[in-house]
Amino acid sequence: MQTSQYDRKGSCDVMTDRDSPLTEAFFYILLALRRPNHGYGIIQEVEQLTDGRVALGPGTLYGALQTLQKRGWIQIYSVDTESRKKKEYVITQAGREVFAAEMARLRELLENGRLMEGSGDDEVSIVSGQRQ
Amino acid sequence: MMKFRLYLDKDSETEWLNQMVEKGWAMKRYFAGFYQFERCEPGQYIYQVDFGSRLYHVSDDYREFMEDAGVEIVQLWGYWIILRRPAADGPFELYTDVGSTIEHYTKIRRMFHGAIILEILCLLGEVWVGIQGEPMGYAMVCLIGAFIAGCINESIRIRNVIEELRERKSDMVFNKTKKGFSSLLTVGLLMNACALALIGSASDYIVAVIQVIAIIMMAAGLYISVRSARGRQ
């Protein structure tokens, strides 16, 4: 049984996405940092992984890296002193835990989502969401 | 080439800079409303405007990060950071998800609120100068007043942008307050500022004519603003 390790902290804060669920950007950045990677490397890897669907803007990525560092989910791996400085980041243990919790949440969604497959159309009335 | 523009709205500014690139002009420098352009290949660059966290300063971290992503920092101005990237490197957008875009606009809005408070303090100072019998003081009052109206309008615009983004993010519908001050009011204030500044140096007749027009515009602007604000409730 997967009970979620994440509890809802504080009130629903719309401005800064608190821990759970992870935003798509955070999810993919953490994933790209399972091994050391630098800013532009993250953008490229995420683009590859998603077939170009998720293209991280530099502003979004920069802000996310600051936030993830502050939360202790990622850390600076190395600063290459020779040639050109290129800051590399890597995921921390805390980051891995958050990622695992998110995976558990997604797995639950997916498993519950399967209920839909066995259900007949006539029994279920669909209330359409309003997301474009 | 030099062009003068005053933008409070960074989205229109970005759009304009990119239109200029389409015409073969790349912005190179900025100073107090003056944009200096250089020739470039039409469509060579994509410009974006970012908002920093400190005045006229970006961290080395930010600088390196942008450089690494192939982005050039063209100009720092106040909190604003004008960036560009060769269009050949693909589409260039700074903020690609709702959360970070909201954060970006929230920072900008906070800055405008700070600016409005400062301007109101200046305005009060100039009112005092005016009371001392100096017409220039009232001219400044009108000028600052016009600027305050512009900033309030921009703050309202950003608020609406943020609300729209939040709707997309949380599936909740927020009600928006549209409309700020009518531009007639702003223009009227500016004209009145000119008229007051001209007292003594131009003929009384001209000053009176400008002032009458200005007052009509301000009154009409105020009326329209109040009516549209009421109509929304």
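A quick note: this is a predicted structure, and the numbers were derived from the prediction, not measured. (Residues numbered from 1 in each chain as written. Chains lettered and ligands numbered in written order. Predicted model: local features only at pLDDT ≥ 70, side-chain atom pairs only at ≥ 80, totals over all residues. Heavy atoms only, no water.)

**Regarding the sheet that holds strand β5 (residues 72-77) of chain B**
Residue and element names in this part refer to chain B.
Turning to step 1, where the next piece is worked out: Judged by pairing direction, the sheet is antiparallel, and its 3 strands sit side by side in the order β4-β6-β5 without closing on themselves. Each of the sheet's edge strands pairs with one partner strand only, and the pair in question is β4 (45-51) and β5. The average angle at which neighbouring strand axes cross in this sheet is 20 degrees, direction not considered.
Turning to step 2, where the next piece is worked out: Bridge count between β5 and strand β6 (residues 80-86): 5 bridges; the pairing is antiparallel. Residue pairing for β6: Ile73 is matched across the bridge by Leu83.
Turning to step 3, where the next piece is worked out: Strands in contact with helix α3 (residues 98-131) are β4 and β6; relative to β4, the strand with the most contacts, it is inclined by about 60 degrees. (Pairing = 2+ DSSP bridges. Helix = DSSP H or I, 4+ residues; strand = E, 2+ residues; numbered from the N terminus. Axes fitted to C-alpha atoms, helices over the stretch in contact; angles between N-to-C directions. Contact = heavy atoms within 4.5 Å.)

**Comments concerning the interface of chain B and chain A**
Turning to step 1, where the next piece is worked out: Chain B puts 27 residues into the contact, and the matching count from chain A is 26 residues.
Turning to step 2, where the next piece is worked out: Buried area between chain B and chain A, both sides added, is near 2200 Å², and the carbon and sulfur share of it is 51%.
Turning to step 3, where the next piece is worked out: Area buried by chain B at its contact with chain A is led by B:Asp61, B:Phe65 and B:Asp68, which between them contribute 28% of it.
Turning to step 4, where the next piece is worked out: Where chain B packs against chain A, one counts 1 salt bridge.
Turning to step 5, where the next piece is worked out: For B:Asp61, the salt bridge identified is with A:Lys87, shortest N-O distance 2.6 Å.
Turning to step 6, where the next piece is worked out: For the side of chain B that touches chain A, the elements supplying multiple residues, two or more each, are α2 (60-68), α3 and α4 (135-170) of chain B.
Turning to step 7, where the next piece is worked out: The leading source of residues in the side of chain B that touches chain A is α2(B), at 7 residues.
Turning to step 8, where the next piece is worked out: Looking at the side of chain B that touches chain A, its residues break down into 11 nonpolar, 5 polar and 11 charged. (Buried area = accessible area lost by both parts, 1.4 Å probe. Salt bridge = Lys/Arg side-chain N within 4 Å of Asp/Glu carboxyl O. Nonpolar A, V, L, I, M, F, W, Y, C, P; charged D, E, K, R; others polar.)

**A look at the packing of α3(B) against α4(B)**
Residue and element names in this part refer to chain B.
Turning to step 1, where the next piece is worked out: Running from amino to carboxyl end, α3 crosses α4 at an angle of 160 degrees, the nearest separation of the two axes being 8 Å. Of the possible angle classes, the one that applies to α3 and α4 is roughly antiparallel. α3 and α4 meet at a crossing whose hand is left-handed.
Turning to step 2, where the next piece is worked out: Class assignment of the residues belonging to the contact of α3 with α4 gives a composition of 24 nonpolar, 8 polar and 8 charged. (Parallel < 35°, antiparallel > 145°, perpendicular 65-115°, else oblique. Left-handed = near helix turned anticlockwise from the far one by under 90°.)

**Notes on the confidence of the model for chain A**
All names here are of chain A.
Turning to step 1, where the next piece is worked out: Of the residues in chain A, 70% have a pLDDT of 70 or more, and the chain-wide mean is 79.
Turning to step 2, where the next piece is worked out: Per-element confidence in chain A ranges from a low mean pLDDT of 84 for helix α5 (residues 115-118) to a high of 95 for helix α1 (residues 24-32).
Turning to step 3, where the next piece is worked out: Low pLDDT, under 50, characterises residues 1-17; the stretch is placed with 23 contacts to residues that sit more than four places away or in other chains. (pLDDT = per-residue confidence, 0-100.)

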